[in-house]
Amino acid sequence: MINAPKGTKDLLPGQSYKWQYIESIAREVANLFNAKEIRTPTFEHTEVFLRGIGETTDIVNKEMYTFNDKGDRSITLKPEGTAGVARAFVENGLHTSALPAKLYYITQCFRYERPQAGRLREFHQFGVEFLGASGYGTDAEVITLAKTLFDKLGIKNLALYINSIGCKNCRKKYSDALRAYLKSHEQDLCPLCKERMEKNPLRVLDCKNDDCKKINANAPCILDYICDECKDHFAGVQTLLKDAGVQFKVNANIVRGLDYYTKTVFEFVSENIGAQGTVCGGGRYDGLIGEFAGNDVPGIGFAVGIERLLMLMENTGVQIPCNETVKIYVAPMGEQASQKAFTLITDLRKKGISADFDHMGRGIKAQFKYADKIGAEYVAVIGSNELEKGEVKLKKMSDGSELFVKLSDVSEFLLKA
Ligand code: HAM
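This structure is a prediction, so every number in the text was calculated from the model and none was measured.

### Looking at the nonpolar core
- Core analysis: the largest hydrophobic core is formed by 52 residues, its most contacted members being Leu131, Leu182, Leu189 and Ile289.
- Elements with a minimum of two residues in this core: α2 (46–53), α3 (58–63), α4 (82–91), β5 (101–110), α6 (168–183), α7 (191–199) and α8 (210–217).
- Counting residues per element, this core draws most heavily on α4, which supplies six residues.
- If we skip the residues at most four places from it in the chain, Leu189 touches Leu182, Lys194, Met197, Val204, Cys212 and Ile215.

### Digging into the site of the ligand
- In the region of the ligand, 26 residues are neighbours, and Glu80, Thr82, Glu113, Glu129 and Tyr261 sit closest.
- Between Thr278 and the ligand, the recorded distance is 3.1 Å, taken from a backbone N or O atom to an oxygen atom.
- Between a nitrogen atom of the ligand and a main-chain N or O atom of Phe302, the distance comes to 3.3 Å.
- For the ligand, whose accessible area on its own is 650 Å², the fraction buried by protein is 96%.
- If you list the elements that add at least two residues to the shell around the ligand, you get β6 (122–131), β10 (278–284) and β11 (299–305).

### Topic: the pattern of salt bridges
- A complete count under the given rule lists 24 salt bridges for this structure.
- In this structure, the salt-bridge partner of Glu44 is Arg87, at a minimum N-O distance of 2.8 Å. Placement of Glu44 in strand β2 (residues 43–45) and of Arg87 in helix α4 is noted, with a sequence separation of 43 residues between them.
- Judged by its relative accessible area of 6%, Glu44 falls in the buried class.
- Classification of Arg87 as buried rests on a relative accessible area of 16%.
- One salt bridge connects Glu47 with Arg51, and the closest N-O pair in it is separated by 3.1 Å. Placement of both Glu47 and Arg51 in helix α2 is noted, with a separation of four residues, approximately one turn of the helix.
- Relative accessible area serves as the criterion here: at 38%, Arg51 is assigned to the partly exposed category.

About the cut-offs
Residues numbered from 1 in each chain as written. Predicted model: local features only at pLDDT ≥ 70, side-chain atom pairs only at ≥ 80, totals over all residues. Heavy atoms only, no water. Core = buried A, V, L, I, M, F, W, Y, C linked by side-chain atoms within 4.5 Å. Buried < 20%, exposed > 50% of the residue type's maximum accessible area, 1.4 Å probe, protein only. Helix = DSSP H or I, 4+ residues; strand = E, 2+ residues; numbered from the N terminus. Contact = heavy atoms within 4.5 Å. Near = heavy atom within 4 Å. Polar contact = N/O pair within 3.5 Å; in protein donor to acceptor, adjacent residues only side chain to side chain. Areas by Shrake-Rupley, 256 points an atom, 1.4 Å probe, with all protein chains shown as cover. Salt bridge = Lys/Arg side-chain N within 4 Å of Asp/Glu carboxyl O.

Below, the structure is given as structure tokens:
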């Protein structure tokens, strides 16, 4: 037997309605905020992610699915949505149209990570990117959009942590100060953080190693290093979030694992789904578009991992409505009745009534069992008597009541039922 590759999952019937539900609420919320869908390719030139995500990040260093195609071009399956959206935004000249561009996507992503609960090699994101606006109001709106999604899905107990990692200038000052501090504790850092300390010291701050955590506890705080403009921006975000009734905590250790962030960063974290508790991560990236175009265009966005979201909903007993029923199952007895059944379901479907019938040549008892399994509301039996009289015996499955209905009246009856 050939199995699915490690870190991938089949989405089976009986589960797919949950995904459809989450996706439909995500689209509904995006519409509420006047965001429009963008779909970018599953793979990009590797350069898009090198420039976009940053060469010192874990994603670029260790996790990308990169290969040379038959034309010897280096291609990478998208590990996240933002860089591809930035590339598409510039390539399609969206920066010259009415701004802000308020975009959203639902996409699969690929990262070569060690699979565990909530961490897959192929996973799915609902993401939002608002491009063109630099004010703190946009940050607050994007964070509120994520919060609205969680509220609409009935999710509680998600903590929102926000931080500011400043603009390029304050980050440079902070990185120098942090590096100097870390250097004085170098011998106690984990091997990975020794490397990070040189290339990207901020990444040390979210290391999970106990020794690194102890060192980080006394590290200089980024919020003491950000410039006045970044401070005002961050204060503005907090004021608007408070006004909107969105609860949050400032957490100076939220630094995010991608290089493109500037100023506001945030995460929604759950304690109900194990080690991989970050359900949603995002932030501002005022320098990213500049990597693809001559001009900088500010941007901010987030992505929610759909697998983690679903896990959270299941672990905390959030109900997901299932509408996967079929209005009527037509149970014919014999060949002639089968033909009539086919004509009947064709007519019903034309009138917008979901209908199914026997494909397996089952006996009547087995057909009723099957109809029950697929959640049919009604079963219409067509036997020789019914054929002769041009009617069906209609059984309502919820209460077992039966009545005879003319073939020509079935649709009208069901539309009223
Ligand atoms: P990220 O934090 O790398 O950010 O991923 C966002 C979310 O995707 C995570 O919070 C998590 O729910 C989910 N996720 C990430 N990796 C995995 C995995 N291996 N398995 C399952 N779920 C995973 C980004 O991707 C940024 N592009 C977000 C963003 C958009 N920032 C600005 N705009």
